[in-house]
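# Architecture at a glance
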Amino acid sequence: EGLGEADNLAASAPLALTVRTIPSTGGSFSGALTPGARSAYYAITVAAGQSLLLNLAGHSTNGVPALYVGAGAVPTTQQFDQRAPGSGLNLQAALSNPSANDQTYYVLVFGDQINGSLPFDVSGQVGPLFITGLTPARLGNLYPATLTLTGAGFDATTTVDFIRTNGAVFPS
């Protein structure tokens, strides 16, 4: 910008934003993103000490959906607390509310490069612990190995037991 030029700022009235509420016990919604409506917003309140598992299932390759989460604030594609890794038709995000108070999480389903309609389902589940991944996915039994569990709700007291097919607990 040159000397004496405006800062390209303009005043605007507040924009209306529709936020659908996912029940605090969990639930799901169906929707569709289009080139003219690339965002859908949701909110869910998670009790203190509980965890939240969000799933986004896209039903078309007519665009690239993404899932963003904000704790106590509506997220944008540039400002968010958590984003589901990657983008695609099946996305998942898990997070914990470690505070002593209930927390409202706002969820943004955003579509990029939409051609026509991008239908989706979004769901939220609330519980004490969620496991979303285990790596490596396969191991042999010849050598000791380290497994990494990912998800939400783990703390310093979390323990894991592996159970054999006969019901016996495998020592960890």
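In this text the structure is predicted, and so the values were computed from the model without any measurement. (Residues numbered from 1 in each chain as written. Predicted model: local features only at pLDDT ≥ 70, side-chain atom pairs only at ≥ 80, totals over all residues. Heavy atoms only, no water.)

## Brief notes about the sheet that holds strand E9 (residues 118-127)
Strand order across the open sheet formed by four strands is E2-E9-E4-E7, with antiparallel pairing between neighbours. Of all the strands in the sheet, just strand E2 (27-33) and strand E7 (90-96) have a single pairing partner and so form its edges. Across this sheet, the average inter-strand angle for adjacent strands is 15 degrees, counted without regard to direction. By the bridge criterion, seven bridges tie strand E4 (residues 51-58) to E7 in an arrangement that is antiparallel. Bridging across to E7, Leu56 finds its partner in Leu91. (Pairing = 2+ DSSP bridges. Helix = DSSP H or I, 4+ residues; strand = E, 2+ residues; numbered from the N terminus. Axes fitted to C-alpha atoms, helices over the stretch in contact; angles between N-to-C directions.)

## A short note on the nonpolar core
The biggest cluster of nonpolar side chains holds 23 residues, and the ones touching the most others in it are Tyr42, Leu67, Val109 and Phe120. Broken down by secondary-structure element, the contributors of at least two residues to this core are E2, strand E3 (39-46), E4, strand E5 (64-71), E7, strand E8 (103-112) and E9. Beyond its immediate sequence surroundings of up to four residues, Leu67 is in contact with Leu54, Leu56, Gln82, Arg83, Ala84, Leu91, Ala93, Val107, Leu108 and Val109. Among the nonpolar cores identified, the runner-up in size contains five residues, and Tyr41, Ala66, Leu108 and Phe110 belong to it. (Core = buried A, V, L, I, M, F, W, Y, C linked by side-chain atoms within 4.5 Å. Buried < 20%, exposed > 50% of the residue type's maximum accessible area, 1.4 Å probe, protein only. Contact = heavy atoms within 4.5 Å.)

## So, the sheet that holds E8
Strand order in the open sheet formed by five strands is E1-E3-E8-E5-E6, with mixed pairing between adjacent strands. Of all the strands in the sheet, the pair left with one neighbour each is strand E1 (19-21) and strand E6 (82-83). Of the strand pairs in this sheet, E5 and E8 are connected by eight bridges, and their pairing is antiparallel. Each bridged residue has a counterpart across the sheet, and for Gly70 the counterpart in E8 is Tyr106.

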